[in-house]
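Understanding the architecture of this molecule
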Amino acid sequence: MQESRTGNDAEVDEEFLALERELAVFLRRARASSGEMAREVHPELEPAAYGLLVRLEEAGTQRATELAAYFGVGKATMSRQLRALADLGLVARDPDPADGRASLVRLTDEGRGRFRRVRDARRARYVRKLAGWDRAEVAELARLLHQLNTSAES
């Protein structure tokens, strides 16, 4: 037997449906944008690899296993993406002084320079697109997205 819905339940469902719809549009556009930004960094760069550059710029040198865990992908996938980035001269591997069996991945000077040029251009596009927004609204959006990302990690 199905329970009857109260007005409040229907509102919650509508709110979550609206959230799902808007996130789907946002994610579709974000994927397309990542592909464009990846090609701007290097014409042969895969869209998924752009996020690795973002993470290495933000967090600095990392083990491949840390990167795989952060992105929720397997070691083989991470290894393939890192190898492609290394082949393009965007990242390098150095021995991990704490564990001789492991290596640390870092952006090369070339990778950092290419990434920063694209990142700065992307930020300028955000500034233009959100020019009509109050700075407090931009900060609130960033805070809410951070909250969403944090809850998704747990």
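Up top is the structure these notes are about.
Structural notes, computed from the coordinates. Values in this document were obtained by computation on a predicted structure and should not be read as measured data. (Residues numbered from 1 in each chain as written. Predicted model: local features only at pLDDT ≥ 70, side-chain atom pairs only at ≥ 80, totals over all residues. Heavy atoms only, no water.)

Description of the overall build of the protein
- In terms of regular secondary structure, the protein is built from six helices and three strands.
- Against the compact-globule benchmark of 15 Å for 154 residues, the protein has a radius of gyration of 20 Å, which places it well outside the compact range.
- Every one of the 154 residues in the protein was classed for burial, and the buried ones make up 24%.
- The contacts in the protein between residues at least 6 apart in sequence include a share of 48% that link residues at least 24 apart.
- Summed over its atoms, the accessible surface of the protein is roughly 11,000 Å², and 53% of this surface lies on carbon and sulfur atoms.
- Here the protein contributes 26 positively and 26 negatively charged side chains, and the mean placements of these two sets differ by 7 Å. (Helix = DSSP H or I, 4+ residues; strand = E, 2+ residues; numbered from the N terminus. Rg over C-alpha atoms; globule rule 2.2 N^0.38 Å. Buried < 20%, exposed > 50% of the residue type's maximum accessible area, 1.4 Å probe, protein only. Contact = heavy atoms within 4.5 Å. Areas by Shrake-Rupley, 256 points an atom, 1.4 Å probe, with all protein chains shown as cover. Lys, Arg positive; Asp, Glu negative; His and termini not counted. Charge placed at Lys NZ, Arg CZ, Asp CG, Glu CD.)

What to know about the pattern of salt bridges
- Applying the stated rule across the entire model yields 11 salt bridges.
- Close ionic contact of Asp96 with Arg63 constitutes a salt bridge, the shortest N to O distance being 2.7 Å. Residue Asp96 is located in strand E2 (residues 91–96), and its partner Arg63 is located in strand E1 (residues 62–63); the two are separated by 33 residues in the primary sequence.
- What makes Asp96 buried here is its relative accessible area of 8%.
- Its relative accessible area of 26% is what places Arg63 among the partly exposed residues.
- A salt bridge links Asp120 to Arg119, with the shortest nitrogen-to-oxygen separation between them at 3.2 Å.
- With a relative accessible area of 41%, Asp120 lands in the partly exposed category.
- Its relative accessible area of 14% is what places Arg119 among the buried residues.
- Salt bridges sharing partners connect three or more residues here, namely Glu57, Arg112, Arg116, Arg119 and Asp120. (Salt bridge = Lys/Arg side-chain N within 4 Å of Asp/Glu carboxyl O.)

Let's talk about the packing of helix H3 (residues 64–71) against helix H4 (residues 75–87)
- The contact between H3 and H4 brings their axes to 9 Å, and the two run at 115°. The angle between the axes of H3 and H4 places the two elements in the roughly perpendicular class. As H3 packs across H4, the resulting crossing turns out to be right-handed. Residues Ala64, Thr65, Leu67, Ala68 and Phe71 of H3 touch H4, and the partners they reach there are Lys75, Met78 and Leu82.
- When the residues that make up the contact of H3 with H4 are grouped by side-chain class, the tally is six nonpolar, one polar and one charged. (Axes fitted to C-alpha atoms, helices over the stretch in contact; angles between N-to-C directions. Parallel < 35°, antiparallel > 145°, perpendicular 65-115°, else oblique. Left-handed = near helix turned anticlockwise from the far one by under 90°. Nonpolar A, V, L, I, M, F, W, Y, C, P; charged D, E, K, R; others polar.)

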